[in-house]
Amino acid sequence: MEFDSPSRRKFLGALGAVAAGVAGCQSPGSTDPDPELGSGGTNAQSTPAGGNAVTEAYRAAADAVASIRVSADGRGSQGSGFLIDDRHLVTNEHVVAGGTAYHARFQDTGWREVSLIGADVYSDLAVLRIDEPPAGTAPLSFVDGDPPVGTQVVAIGNPFGLAGSVSAGIVSGVDRTLESANNFSIADTVQTDAAVNPGNSGGPLVTLDGDVVGVISAGGGDNVAFAVSAALTQRVVPALVDGGEYDHSYMGVVLQDVTPRLAAAGSIDPAAGVYIDRVVQGGPSDGVLQGSDRRVVESGVEVGVGGDVIRRLNGTRTPTRQALSTFLALETSPGDTIDVTLDRDGQRRTVQLPLGTRPDP
């Protein structure tokens, strides 16, 4: 599925992010701790007895969180990751992209070589294999379902090379979307106001019980950051472990939310839903769904009209692109045939759409 929203970097820039863009991929610098110091100097990992709920969340999860260093053609970058079982670390695709060598370090270990076994640019997730995980370290578990907005969370990771750092906040929103490759979206991300900076990417966003809400993917100024949801991570990661890749459902359409301007131009009532501006020629929706057949000027802006307005997928309401994207990502697979309830030429109808697979980026 394709969207007409701006790139992730432009999106974060529009939010006023000083450090706009992805939260990881920081070039290693002087803030990176000495490997001989294990956890590295004075930071959250040396927290004394006592503390509060954030301290306890940190203690529950920090042992499983690693600093990730990626080398490629004479340059390097770093991010974060965390254990999901006794052999695998989850991180971001953008952290490992272009790498030729990968190393991980936990709070009580030196650097250990790890191998990349799978990455998916469309969810910004990657999996690394480690042959010698820290003895006695328990992998992190995931939450069941979306956390309620307002849930207290902490982000643990390696911002600016400061290993084992923690920041606290709340879940600010769910079902957000971010841009990925080829103008596709990363569905079902969790928004938080916990501080996230370069080097945090790939680290866990956890509840006060230490369960993973999402994999930190992007962040910037104005207290806005995003994590790939636990639900999407748990769909993608097993496929990366098993075969190194994950196939995403594909409709082959360019979509827009129904805005007041679009509703007025196209006489769309109710003024909600997801509008199909264009159907990709030769794609799954070609001959099934209908895009704009003409352009008109409404309130001084040219908009497409005459396209279908999607109301439901398999009976599930899709009032926004975010809702539609989340449904496709979490409830469907390539090859499925779904019922699409839509409005066309003022009439409600339901058509069947066989889903394809997103093209390679």
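Above: the structure in question.
Here the structure is a predicted model, which means the values were calculated and not measured. (Residues numbered from 1 in each chain as written. Predicted model: local features only at pLDDT ≥ 70, side-chain atom pairs only at ≥ 80, totals over all residues. Heavy atoms only, no water.)

(A) The nonpolar core, seen in detail. By size, the foremost hydrophobic cluster in this structure holds 60 residues, and its most contacted members are I68, F82, L89 and L205. Membership of the second largest hydrophobic core comes to 18 residues, among which are L289, L313, V351 and L353. (Core = buried A, V, L, I, M, F, W, Y, C linked by side-chain atoms within 4.5 Å. Buried < 20%, exposed > 50% of the residue type's maximum accessible area, 1.4 Å probe, protein only.)

(B) Structural context of the packing of aromatic side chains. For the structure shown, the criterion picks out three aromatic pairs. Judged by centre distance (6.0 Å) and plane angle (55°), the ring pair of F184 and Y250 falls under tilted. Of this pair, F184 sits in the loop between β9 (165-179) and β10 (185-192) while Y250 sits in strand β14 (residues 249-250), placing them 66 residues apart in sequence. Across this residue pair, the class does not change: F184 and Y250 are buried. Linked through ring pairs, Y122, F184 and Y250 together constitute an aromatic cluster. Looking at R358, its charged tip hangs above the ring of Y122, at a distance of 4.9 Å from the centre. (Phe/Tyr/Trp six-rings, centres within 6.5 Å; stacked < 30°, edge-to-face > 60°. Helix = DSSP H or I, 4+ residues; strand = E, 2+ residues; numbered from the N terminus. Lys NZ or Arg CZ within 6 Å of the ring centre and 35° of its normal.)

(C) Representation of helix α6 (residues 321-331) in the model. Judged by how many residues are buried, α6 sits mostly within the fold: eight of eleven residues are covered. Listed in full, the buried residues belonging to α6 are R321, L324, S325, T326, F327, L328, A329 and L330.

(D) Inspection of the environment of L342 at higher detail. In this fold, L342 is placed in strand β21 (residues 337-344). Among the residues examined, L342 registers a relative accessible area of 0% and is labelled buried. Residues L342 and I310, spaced 32 residues apart in sequence, show a C-alpha to C-alpha distance of 4.3 Å. In this structure, L342 is in contact with L289, D308, V309, I310, R311, Q347, R348, R349 and V351, ignoring residues within four places of it in sequence. (Contact = heavy atoms within 4.5 Å.)

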